[in-house]
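# Notes for the structure review
Given next are the chains, with one letter for each unit.
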Amino acid sequence: MAVYTIQKVVHATFCVAIFIFMEETKTTVEKEEVVKVRPALEELVEGPVIAVDKAAIYIDLPPYGTGIIYGREYIAVRDLIKKTNVGDIIKAKVVDIENEDGYVELSLKEAKQALIWSEAELAIKDKTVFDLLIKDANKGGLIIDWQGVSGFLPASQLKPDHYPRVEDSDKDKILKELKKLVGTKIAVTMISANPKDGKLIFSEKDGNPEERQEVISKYSVGDELSCEVTGIVDFGVFLKIEDGLEGLVHISELDWGLVEDPRTMFKLKEKVQAKIIDIKDGKISLSIKALKDNPWKAFESTLKKGDVIKGVVIKYNKHGALVSIREGVAGLVHNSTFGGEEKLKEALQLGKNYPFTVTLFEPKEQRMTLVFGEQKLEDLPKEEDMSAHAGKKAE
């Protein structure tokens, strides 16, 4: 009898233990199931609006429960919420997976930002072209707006038509040119998006550098081209070679004669012939004077050091005075031969003819130096001294 009683007690105890174990297991499973259906922080969720009041909006988010937009998040989008009705589908971002009231806290503002950056990534991938308004400019480029996010268009990413053509990369002059574009629209593609820093980078250039290089590869140094003038600046002329491709003719390559202002020689859309003299770093350098007879050749066998010639003073520069002996052939009279710049200008007046003695003549390099008046060969400065003054070309 005692044994039977003990067996019953053991069996009952075992059953209770099993029951407790099963209940604990059930509770654990239920807890795990609850954890599994909670949304992730910063996850984008959507659902129908189930209630709207003066301080909050409630959204059904099965299987997560009920979402709520209230407080600061509600105030940030209250203009949008005014137009929201029960039943409207809303997409929002989770900012708290469960607040003290058991709701999933949501943010419409952050959801909008997240969607914008997702769209930005897609735009980069698809190379989508946007027609955007230029809001401002700085020394590095242009400020444009895309869906409320401020973007940057570097000057280096502008097409030739809009690129600030400024000599010596003077930043103040660059800014002045870029400011002219403010208030206009420009067709651009997005090339970089960084949501962490809130930065968008745009480009006006063609998005495929390989294609550009392929276009340039069709041309070689020495090619003679028929071009169109697309830009005239202080330091030269830009020529259209073909659609999307330009080259620069530096002021020193416009003519054999002295060019003070390229605008007096060319007009926009004028057709001109030019020769390619260099291709480097994706840029084509052109020359117009290379297609004209070189006037220096006429003196190769007739002019030498010690010869006395007549010339007209055509320009002063920081080194001295430029003297022309024929259209396109000019030499330098250095300040040092007069004891200073002021004394040189007193003795040599612009536009007047004077006799000069040649101290250096290198026609292949287009270099010539002169001294005022007739001087004996033995009294002339040493050739190495005059070479230092001559430079490569008289400009």
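Here goes a summary of the coordinates provided. (Residues numbered from 1 in each chain as written. Predicted model: local features only at pLDDT ≥ 70, side-chain atom pairs only at ≥ 80, totals over all residues. Heavy atoms only, no water.)

### A look at the sheet that holds strand β16 (residues 308–316)
Applied cut-off: Pairing between strands is defined by DSSP: at least two bridges between the two strands are required. Under the DSSP-based scheme used, a helix requires at least four consecutive residues in state H or I and a strand at least two consecutive residues in state E, with every element numbered from the N terminus. Only the contacting stretch of a helix is used when fitting its axis, a line to C-alpha atoms as for every element, and angles between N-to-C directions run 0 to 180 degrees.
The five strands lie next to each other as β16-β17-β18-β20-β19, forming a closed barrel whose pairing is mixed. Mean inter-strand twist for the sheet, computed between neighbouring axes without regard to direction, equals 50°. In terms of strand pairing, strand β19 (residues 353–362) meets strand β20 (residues 367–372) through six bridges, oriented antiparallel. From the neighbouring strand, E362 faces β20, where its bridge partner is R367.

### Here we look at unusual backbone geometry
Under the convention used in this document: Buried residues are those whose accessible area, probed at 1.4 Å on protein chains only, stays under 20% of the maximum for their type, while exposed residues exceed 50% and partly exposed ones sit between those limits.
Residues P62 and P63 are joined by a peptide bond in cis, for which omega reads 0°. Locating P63 in the fold gives a position in the loop between β2 (56–61) and β3 (65–70). Even without being a glycine, E42 presents a positive backbone phi close to 75°. Take E42: it is sitting in the loop between α1 (2–36) and β1 (44–52). What makes E42 exposed here is its relative accessible area of 54%. Positive phi is not limited to glycine here, since Q147 has a value of about 50°.

### A look at the packing of aromatic side chains
In this description, a pair of aromatic rings is defined by centroid distance and the angle of the planes. Rule in force here: Centres within 6.5 Å make a pair out of two Phe, Tyr or Trp rings, where for Trp the six-membered ring is used; the pair is then stacked when the planes are under 30 degrees apart, edge-to-face when over 60, and tilted otherwise.
Applying the stated criterion across every chain yields a total of eight aromatic pairs. Ring plane angle 65° and centroid distance 5.6 Å describe the contact between F130 and W146, whose orientation is recorded as edge-to-face. Here F130, found in strand β6 (residues 129–138), pairs with W146, found in strand β7 (residues 141–146); they are 16 residues apart in sequence, far enough to count as distant. Each member of the pair, F130 as well as W146, is classed as buried. Pairwise contacts between aromatic rings join F338, Y354, F356 and F372 into one cluster.

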